[in-house]
Amino acid sequence: MIVMKFGGSSVESAAAIERVAGIVKARVERRPVVVVSAMGKTTNKLLAIAAAAIEGKRHEYIGQLHDLRDFHSREARLVVPLAERAELDRTLDDHFQELTELVKGLAVLGELTPRSIDAISSYGERLSSYIVTLAFRHFGMKTEHLDSRHVIVTDKRHTQAAPNFPETYARLRAKVIPLAQEHVVVMGGFIGSTENGVTTTLGRGGSDFTASIVGAGIGAEEIQIWTDVDGMLTADPTILAGGHRVKTISFDEAAELAYFGAKVLHPATVVPAIEKNIPVLILNSRRPDVPGTRIIAETVACDNVVKSIACKRKITVVNIQATRMLMAHGFLHRIFEVFDRYETAVDMVSTSEVSVSLTIDNTKSVDAILKELREFAEASVEHHQAIVCLVGENIRFTPGVARRVFNSLDGINIRMISQGASLLNISFVVAEADVHRTVEALHEEFFAELDPEVFERNEAVHA
Ligand code: ADP
Ligand code: ASP
Ligand code: MG
């Protein structure tokens, strides 16, 4: 068995779904279990509808709901056989009626809770998985739909739920394995439910995580993440065009890149894959013949020091200075206790004798945090910063990496620097306005020469 996950852009239209059907059909002998994201930007649209509802913008959310229904109906009709159209319409009606009632309820309450966000955003994957199921049948595959909420059991942390692995694995084994013997099984990514059956989600981008949970649960031989790029690239293509394809990378390196902003993979994806030692592949649904990136447990011998450069934008730096000259015993503890209480994750930290700088990306509680910090220290913030992170197993064995970074960034102000405790990354903070320049300079420095065993040169841009 293999798991094949298709992201939003891979199922954004009838044409895209037809492409996906072709890709799956060509691998049907490997008994694929298919995990799909919501179609295109549906999750964002659902969240916008919820936001309009609590602001009482009735005209707006009713219009948006109509558009979303039209979009799903229009694309689905092109890939669903005539004989099934009536059933399709009925199911779309049911889903959109339910969704509309939910949204109207929110408008009355004027308040959006994490639980209701999950209820609303779950419709994207519920609809896409249903439509893809009908489409696969239309294209001649024996296909069964499985509601992910019946198998992915999570805690109650709505919008960021964590799976109960033993229970989820048991259900996946019991339900998916028998079904997959004779059928292509199609499931929605991202969604799950609590033990009491309340709908939850695994966090934005969470369909990758669903794919690896399913893969680990059924003991798949491979987890394939089909997306809109040729694989893991040496730089984020939204920042720098012309990154090269990384052919093979370790779980540790991929996890680090994902954590530091490489959106191509949700950071939690590697966790179940590592546990069961299942290779994860990143593949392009528009260019299925490209071999993509293979993520595996073993470290890959490589002549390059760095495998890829990740960036996290919209970062805020918090500077904290002890009011007394020396940092008293317990100072760091008091600082982190405040961040902890406001459930605000800290990514990078650097300290000197009297000051601490740290970065956060969730600024929801930053004002309250500052107020509390100022009870025992001076504190200030700088917005519009970015973390740039070089990742590669060789960083730990190669002297002079920091020197090469500093030399190539001549003229760019580096605000903080840390060589991660994991030893396989060097990360630093620059102003967001400098990110492109920074990545360009580093890419030139570290990827002018490429180990052909590990990288495929992007000839289009570097000809
Ligand atoms: P999907 O909808 O298929 O899950 P995502 O948008 O979540 O797709 O992830 C794919 C995107 O990740 C790419 O289009 C690309 O812009 C971005 N990305 C960021 N960093 C990298 C990287 N190092 N390599 C490849 N893609 C990256
Ligand atoms: N549809 C969800 C999102 O947009 C999950 C995913 O696509 O991975 O965040
Ligand atoms: Mg994604």
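Each remark here, short or long, concerns the structure printed above.
Peer 1: Can you break down unusual backbone geometry residue by residue, with the values?
Peer 2: For Thr159, which is not a glycine, the phi torsion comes out positive at approximately 75 degrees. Inspection of the secondary structure assignment puts Thr159 in the loop between strand 3 (143–146) and helix 6 (165–182). According to the relative accessible area criterion, Thr159 is partly exposed, its value standing at 26%.

Peer 1: Which residues make up the sheet that holds strand 1 (residues 2–6), and what are the values?
Peer 2: Pairing is mixed across the open sheet formed by eight strands, whose spatial order is 3-4-2-1-7-10-11-9. Bordering the open sheet on either side are strand 3 and strand 9 (248–250), each of which pairs with just one other strand. Between one strand axis and the next, the sheet turns by 20 degrees as a mean value, whatever way the strands run. Relative to strand 4 (residues 184–188), strand 3 runs parallel, the two being bridged by four bridges. Bridging from a neighbouring strand, Leu146 pairs with Met187 of strand 4.

Peer 1: Tell me about the site of ligand 1, and name the residues and values.
Peer 2: If you check the shell around ligand 1, you find 17 residues, and the closest are Lys5, Thr227, Asp228, Leu233 and Lys263. At a separation of 2.9 Å, a nitrogen atom of ligand 1 approaches a polar backbone atom of Leu233. Within the complex, the protein chains bury 87% of what would otherwise be the 570 Å² of accessible surface of ligand 1.

Conventions we followed
- Residues numbered from 1 in each chain as written.
- Chains lettered and ligands numbered in written order.
- Predicted model: local features only at pLDDT ≥ 70, side-chain atom pairs only at ≥ 80, totals over all residues.
- Heavy atoms only, no water.
- Helix = DSSP H or I, 4+ residues; strand = E, 2+ residues; numbered from the N terminus.
- Buried < 20%, exposed > 50% of the residue type's maximum accessible area, 1.4 Å probe, protein only.
- Pairing = 2+ DSSP bridges.
- Axes fitted to C-alpha atoms, helices over the stretch in contact; angles between N-to-C directions.
- Near = heavy atom within 4 Å.
- Polar contact = N/O pair within 3.5 Å; in protein donor to acceptor, adjacent residues only side chain to side chain.
- Areas by Shrake-Rupley, 256 points an atom, 1.4 Å probe, with all protein chains shown as cover.

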